[in-house]
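# Report on the structure
Now for the letters of each chain:
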Number of protein chains: 2
Amino acid sequence: MTSAAKSYDIAGLKARLGGIRTEENPALVRQKSRDFYWYSPTLKRQLDAVSGDIVAFPASEAEVLAILAACHALAIPVTPRGAGTGNYGQAMPLDGGLVLDLSGLDKVLEIVPGRVRAQAGALIADIDAACAASGQELRLHPSTYRTASIGGFVAGGSGGVGSISWGGLRDLGNIVSLRIATMEATPRILELTGEEVQTVSHAYGTNGIILEVEMPLAPAYGWTEAIIGFEDFGEAAAYANALGEQDAILKKLVSVIAAPVPQSYFLRHRKYLPDGLHIVLVMLAPVARAAFESFTKRWNGRTLYRSDLVGPEEAKGLPPLYELAWNHTTLRALRVDPAITYLQTLYPFPNQLSLAEQVHARLGDEAPAHLEFVRFDGKITSFGLPLIRFTSEARLEEIVALHEDLGIPVFNPHRYTLEEGGMKQTDAAQLAFKREADPQGLLNPGKMIAWAHPDFDLGAGRTYLFLGLERHAGRAGAPGDPT
Amino acid sequence: MTSAAKSYDIAGLKARLGGIRTEENPALVRQKSRDFYWYSPTLKRQLDAVSGDIVAFPASEAEVLAILAACHALAIPVTPRGAGTGNYGQAMPLDGGLVLDLSGLDKVLEIVPGRVRAQAGALIADIDAACAASGQELRLHPSTYRTASIGGFVAGGSGGVGSISWGGLRDLGNIVSLRIATMEATPRILELTGEEVQTVSHAYGTNGIILEVEMPLAPAYGWTEAIIGFEDFGEAAAYANALGEQDAILKKLVSVIAAPVPQSYFLRHRKYLPDGLHIVLVMLAPVARAAFESFTKRWNGRTLYRSDLVGPEEAKGLPPLYELAWNHTTLRALRVDPAITYLQTLYPFPNQLSLAEQVHARLGDEAPAHLEFVRFDGKITSFGLPLIRFTSEARLEEIVALHEDLGIPVFNPHRYTLEEGGMKQTDAAQLAFKREADPQGLLNPGKMIAWAHPDFDLGAGRTYLFLGLERHAGRAGAPGDPT
Ligand SMILES: Cc1cc2nc3c(=O)[nH]c(=O)nc-3n(C[C@H](O)[C@H](O)[C@H](O)COP(=O)(O)OP(=O)(O)OC[C@H]3O[C@@H](n4cnc5c(N)ncnc54)[C@H](O)[C@@H]3O)c2cc1C
Ligand SMILES: Cc1cc2nc3c(=O)[nH]c(=O)nc-3n(C[C@H](O)[C@H](O)[C@H](O)COP(=O)(O)OP(=O)(O)OC[C@H]3O[C@@H](n4cnc5c(N)ncnc54)[C@H](O)[C@@H]3O)c2cc1C
């Protein structure tokens, strides 16, 4: 066993697991123990050595239950994993133990008008492919549409493409129901619906293993992609905001990316992107095209690209527009310049435009603006995902503080805990549910500060460090970019 | 001919119309010359004697063009008519002449994902019935769903059921395109799209005859109906507003109706409506039921009725919920108490709740509150359609003034002109388009003040009176309620 601090009875575990597929090869275990944590230089430093001891690949719900029971009996931590595309180390087993790879639970179980039920490990794009015959698709998906699992999205994501119309996963109604397994001597199966789903959604798998997910569907329209350019950043942002507020122009994406980010990093779209222009990415229902053209003309926006105008041949050579947006903006920048990282902020309504302009005016060179417009509590506003030309962790903290001083909440992507990455407070319902569903604290240890350290002062500005991390201390440095 | 002031060459017209079906029987012409203008005691007094001279019933586009050319040649006014459910006298031929009944142009022409094209006279419910096979329906409909035409809705309506998700007809994108005929020696056919549709939509047919309408579609979910009760009016309004702001709970209707209106006038729902409770009417996508229940519980709302809980037998005996809402609230009140009338107001965001509470506190007995929550310029806010226990026109004007003094715009439903019923200003684009499409001013005369009276001072608070109305002066009083 590779654990320095604790060691687990992995041999005993294997004996209990019978025919269930597992993997212990350290290189492979290590690969399945990481996600996109390296997006953050801070997390890269902290988590590079993290690895589990064994990976299990259940092929059915019954096998999941058997694994949980066995781990419970031997007090072995279990860290669930969908596709490992999270980018705060959410799926990394800080205390070692078993990585529960759910990619084998990939069945789409039921599709009816307005609703789909799938197993947690199903890939998001595969669910949509199954729904296409009925003219439907998921309301929301992360920009990791083609690689992420639905269970991982619900447990670790927040929203993304579609949030301009439907808000985020946090909104009541964007997750219909969840079927989960508890971490107990005899794991129970629970069906959560209504607001109960919020006890387990965005809990990083710390208080239940999601087995099945039931999600609302929206019509699949074959979205038209548009890129609109503006000389002035403030104009681009104001246009995007106003487009968001056009209630009858149905959209799936409205993103603003300040120059020179698009020109420097969107390599395959480069020829559409004149130097100096700030751009707005739009995914649009085809029925709204004429209305959108009129609207864009009023704003003197320059149409740089339209998927329906370039023809299918040319469009096929390009990545989908959503793979320039959300966290993919950062990924594209990182691929060109590994010294880039980013932040996640919320520009609160109704001051989103003036705040975004202020920040961009002040930090635009070091932290070029990237805005994602969304519906948030019934209003249009924008998240910020500014790129950061990284110099030091200290400077990164300064930039965070600068945002917070302006009244801009930061969801710090350089933290691996629920509390520090989120609203800087413990979700009491999630904690209470963990007491019920994981009384021994074996699920994804180290991610919920309140569990291990109820007295930790979240307001004090000190970073939480999970003690278990010491166990990985002796390990070699990890490879860089796993993509 | 019945005209006192002018007389038209109706015999010459008939000779030109050949085989096109017409009707001259005065009682029948009179019936086709009126709409729901009697909702307003003011309009009832002003318009009771209005009648056209002849009604034509074209069965095809070619017949419409032939009628327009003939009327143009003889300088006979043409007032288009869909189903005559407008309630400001929009479809009433103030200057006599020909009533163009478009109910024969009722074909649904094309249904594709996201979009339907129909002839202008098609009834809205019939369009939805045709779309049902593809799981689709219109985004928006007036509460006169089962009786109104799509052309009349576009030309005379503003929104209604569905506006909580999609805004109103005024929003770019809620009308995809219009095919219209101009009123010229040789009528032209134009296809309007993008913002061009706004020159003809809500112009009361004064600047073009709509032949075909292309509208966006949304999924048809078989909406769940709910009635939620509150002891406190302010709570009911705040709940409705917050429900509107739930981005992931898909709704088609959120209406607040203050006690004792529901208890007094919603006769077939009476048994669900305990005395004293203010109610919220909701049409809800079935997929959102559990989320809606959680949400309603947080607000301590009392579920008085749910269509999915009473069973199909019981639900079948009730009118659909939307026939308690929008202008149907007033209609139900009028049926019980003919002395009731109403107003139409907008509670501007972000003060909608405090303004609605203020007005209701001040006028609640005389003008019990009725709020329709909608998306308006990207935010949730509410229209007011307060019932008015009518005493005199002078008092009605006082109530209007009281609203305006509080900063609450009134769309006065006691006026038959575009300008006075709307934003108290001339729509320059509509006027310019009328110069092109109806240079002789023969379409629905008297409805666009700016055409006949460019110098009329809209700000002066004086009511506009169309001179042509004198021609009807000698006529007998009209029958009361035509329903
Ligand atoms: C380039 C890039 C772009 C991204 N864009 C977005 C975006 O637009 N929006 C967004 O929200 N996120 C985004 N992310 C983050 C991430 O891709 C998504 O949240 C994704 O949905 C996670 O799915 P996954 O299957 O990879 O989950 P994983 O990374 O495997 O897991 C995520 C979390 O969920 C837990 N988990 C996984 N499966 C289960 C289960 N069955 N039961 C309980 N817990 C479970 C894991 O333990 C972990 O804590 C992005 C990441 C990258 C790298
Ligand atoms: C009980 C009740 C409830 C209502 N609820 C609503 C509501 O929720 N929302 C709403 O917006 N309205 C509402 N209304 C008003 C009205 O019912 C609707 O606007 C309806 O859609 C009008 O359709 P119609 O076919 O009856 O039009 P009509 O009344 O026949 O005509 C309306 C106007 O459009 C013109 N017109 C008609 N057809 C054409 C055409 N083909 N080309 C050019 N002009 C044309 C007419 O000249 C007239 O000016 C309500 C009315 C009543 C009585």
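Every value quoted in this text rests on a predicted model; they were computed, and no experiment measured them.

## Some thoughts on the sheet that holds strand E14 (residues 302-306) of chain A
Residues and elements named next belong to chain A. Taken together, the seven strands give an open sheet; going across it, the order is E14-E11-E13-E12-E17-E18-E16, and neighbouring strands pair in antiparallel fashion. Unpaired on one side and paired on the other, E14 and strand E16 (345-347) mark the two borders of the sheet. Within the sheet, the average angular offset between the axes of one strand and its neighbour, ignoring direction, is 25°. Direction of pairing for strand E11 (residues 224-230) relative to E14: antiparallel, over a ladder of four bridges. Considered in E14, the bridge of Gly229 is made with Arg302. Most of the contacts of helix H8 (residues 233-244) go to strand E12 (residues 251-257), to which it runs at about 165°, and overall it touches E11, E12, strand E13 (278-284), strand E17 (370-376) and strand E18 (379-384).

## Some remarks on the sheet that holds strand E12 (residues 251-257) of chain B
Residues and elements named next belong to chain B. Pairing is antiparallel across the open sheet formed by seven strands, whose spatial order is E14-E11-E13-E12-E17-E18-E16. Across the chains shown, the open sheet's two edge strands, defined by having one partner strand only, are strand E14 (302-306) and strand E16 (345-347). Strand-to-strand twist in this sheet, taken as the mean axis angle between neighbours without regard to direction, amounts to 25°. One ladder, built from seven bridges, connects strand E11 (residues 224-230) with strand E13 (residues 278-284); its direction is antiparallel. Within the sheet, the bridge partner assigned to Phe230 lies in E13 and is His278.

## Concerning the site of ligand 1
Residues and elements named next belong to chain A. In the vicinity of ligand 1 there are 38 residues, among which Pro80, Thr85, Ser149, Ser158 and Gly159 approach most closely. Note that an oxygen atom of ligand 1 is positioned 2.6 Å from one of the backbone N or O atoms of Pro80. Between an oxygen atom of ligand 1 and a main-chain N or O atom of Gly84, the distance comes to 2.8 Å. Among the elements of the structure, strand E3 (78-81), helix H6 (150-156), strand E10 (209-219) and helix H13 (327-336) are those that each provide at least two residues to the shell around ligand 1. With five residues, the single largest contributor to the shell around ligand 1 is H6. Here the residues of the shell around ligand 1 are counted per class, giving 16 nonpolar, 21 polar and one charged. In this structure, the shell around ligand 1 is formed jointly by two domains, domain 1 (3-101) and domain 2 (224-405), each of which donates at least three residues.

## Points about the environment of Leu94 of chain A
Residue and element names in this part refer to chain A. Take Leu94: it is sitting in the loop between E3 and strand E4 (98-101). We classify Leu94 as buried; its relative accessible area is 0%. Sequence-wise, Leu94 and Ser382 are 288 residues apart; in three dimensions their C-alpha atoms are separated by 33 Å.

## Side note on the relation of the copies chain A and chain B
Copy one and copy two of the chain differ by a rotation about a common axis and a shift along it. When chain A is brought onto chain B, the operation consists of a screw motion whose angular component is 180° and whose axial shift is 0.0 Å, with 0.0 Å RMSD remaining. Between the two chains, the operation in question is that of a two-fold axis. Closest approach to the rotation axis within chain A is made by the C-alpha atom of Lys379 of chain A, at a distance of 2.8 Å. Interface overlap between copies is the fraction of interface residues in one copy that are interface residues in the other; for chain A against chain B it reaches 100%, indicating a shared surface.

## Details of the pairing of E12 of chain B
Note on strand geometry: in a regular strand, side chains alternate between the two faces of the sheet. All names here are of chain B. With seven of seven residues buried, E12 lies mostly within the body of the structure. In terms of strand pairing, E12 meets strand E17 (residues 370-376) through three bridges, oriented antiparallel. If you follow Ile257 over to E17, its bridge partner there is His370.

## Quick look at the pattern of salt bridges
Enumeration over the complete set of coordinates arrives at 68 salt bridges over all chains. Glu245 of chain B is the salt-bridge partner of Lys379 of chain A, the closest N and O atoms lying 3.0 Å from each other. Of this pair, Lys379 of chain A sits in strand E18 while Glu245 of chain B is found in the loop between helix H8 (233-244) and E12, placing the two residues in two different chains. Taken individually, Lys379 of chain A and Glu245 of chain B each receive the classification buried, so the pair is uniform in this respect. With a shortest N-O distance of 2.7 Å, Asp308 of chain B and Arg306 of chain B are connected by a salt bridge. On the basis of relative accessibility, which here comes to 28%, the residue Asp308 of chain B falls in the partly exposed class. Each of the salt bridges in this network shares a partner with another, and the network as a whole consists of Glu61, Glu110, Arg115, Arg117, Arg179, Glu191, Glu212 and Glu214 of chain A.

## Points about the confidence of the model for chain A
Any region with low pLDDT has predicted coordinates that should not be read closely. All names here are of chain A. In the predicted model, chain A carries a mean pLDDT of 93, and the fraction of residues at 70 or more is 96%. Low pLDDT, under 50, characterises residues 476-483; the stretch is placed with 18 contacts to residues that sit more than four places away or in other chains. Note on the complex model: pTM 0.95, ipTM 0.96.

## Some thoughts on the interface of chain A and chain B
The interface of chain A with chain B comprises 40 residues on the first partner and 40 residues on the second. When the area that chain A buries against chain B is broken down by residue, the three leading residues are Leu172, Asp247 and Val287 of chain A, summing to 22%. Inspection of the chain A/chain B interface yields four salt bridges. Linking Arg298 of chain A and Glu195 of chain B is a salt bridge whose minimum nitrogen-to-oxygen distance equals 2.7 Å. Inspection of the chain A/chain B interface yields 16 residue pairs in polar contact (both at pLDDT 80 or more). Looking at which element gives the most residues to the side of chain A that touches chain B, the answer is helix H10 (residues 289-298) of chain A, with five residues.

## As for the site of ligand 2
Residues and elements named next belong to chain B. Surveying the vicinity of ligand 2 reveals 37 residues, the closest of which are Pro80, Thr85, Ser149, Ser158 and Gly159. One nitrogen or oxygen atom from the main chain of Gly84 is found 2.8 Å from an oxygen atom belonging to ligand 2. Protein burial of ligand 2: of its 960 Å² of free accessible surface, 98% is covered by the chains. For the shell around ligand 2, the element with the most residues is helix H6 (residues 150-156), which contributes five residues. Of the residues belonging to the shell around ligand 2, the class tally is 16 nonpolar, 20 polar and one charged. Residue contributions to the shell around ligand 2 reach at least three from each of two domains, namely domain 1 (3-101) and domain 2 (224-405).

## Concerning the packing of aromatic side chains
Residues and elements named next belong to chain A. Inspection of every chain in the model, using the stated rule, returns 30 aromatic pairs over all chains. A ring pair is formed by Tyr39 and Tyr342, whose centres lie 5.7 Å apart and whose planes are at 80°; its orientation type is edge-to-face. Within this pair, whereas Tyr39 is found in the loop between helix H2 (26-31) and helix H3 (41-47), its partner Tyr342 is found in strand E15 (residues 340-342), the two being separated by 303 residues in sequence. Tyr342 gets classed as buried once you look at its relative accessible area, which sits at 1%. An aromatic cluster of at least three residues, connected via ring pairs, comprises Phe36, Trp38, Tyr39 and Tyr342.

## A short note on the UniProt feature "domain: FAD-binding PCMH-type" (unreviewed entry) in chain A
UniProt annotation of "domain: FAD-binding PCMH-type" (unreviewed entry) refers to residues 47-220 of chain A when read in the numbering used here. Helix makes up 20% of residues 47-220 of chain A and strand 26%, and the two end C-alpha atoms of the span are 39 Å apart.

## A short note on the side chain of Gln90 of chain A
Residue and element names in this part refer to chain A. Turning to its location among the elements, Gln90 is positioned in the loop between E3 and E4. Relative accessible area serves as the criterion here: at 8%, Gln90 is assigned to the buried category. There is a polar contact of 2.9 Å between the side chain of Gln90 and the backbone nitrogen of Tyr88.

## Looking at the pairing of E17 of chain A
All names here are of chain A. Among the seven residues in E17, seven count as buried, and that is most of the element. Side chains His370, Glu372, Val374 and Phe376 project from E17 onto one buried face, and the interleaved Leu371, Phe373 and Arg375 project onto a second face that is buried too. Looking at chain direction, E17 and E18 are connected through six bridges and run antiparallel. Among the inter-strand pairings, Leu371 is bridged to a residue of E18, identified as Gly384. Linking E17 to E18, which pair antiparallel, is a turn of two residues; within it Asp377 sits at a positive phi near 50°.

Conventions and cut-offs
Residues numbered from 1 in each chain as written. Chains lettered and ligands numbered in written order. Predicted model: local features only at pLDDT ≥ 70, side-chain atom pairs only at ≥ 80, totals over all residues. Heavy atoms only, no water. Pairing = 2+ DSSP bridges. Helix = DSSP H or I, 4+ residues; strand = E, 2+ residues; numbered from the N terminus. Axes fitted to C-alpha atoms, helices over the stretch in contact; angles between N-to-C directions. Contact = heavy atoms within 4.5 Å. Near = heavy atom within 4 Å. Polar contact = N/O pair within 3.5 Å; in protein donor to acceptor, adjacent residues only side chain to side chain. Nonpolar A, V, L, I, M, F, W, Y, C, P; charged D, E, K, R; others polar. Domains from an automatic or database assignment. Buried < 20%, exposed > 50% of the residue type's maximum accessible area, 1.4 Å probe, protein only. Least-squares fit on C-alpha atoms with pLDDT ≥ 70 in both. Salt bridge = Lys/Arg side-chain N within 4 Å of Asp/Glu carboxyl O. pLDDT = per-residue confidence, 0-100. Buried area = accessible area lost by both parts, 1.4 Å probe. Areas by Shrake-Rupley, 256 points an atom, 1.4 Å probe, with all protein chains shown as cover. Phe/Tyr/Trp six-rings, centres within 6.5 Å; stacked < 30°, edge-to-face > 60°. UniProt positions renumbered as here; feature names shortened; annotations may be inferred.

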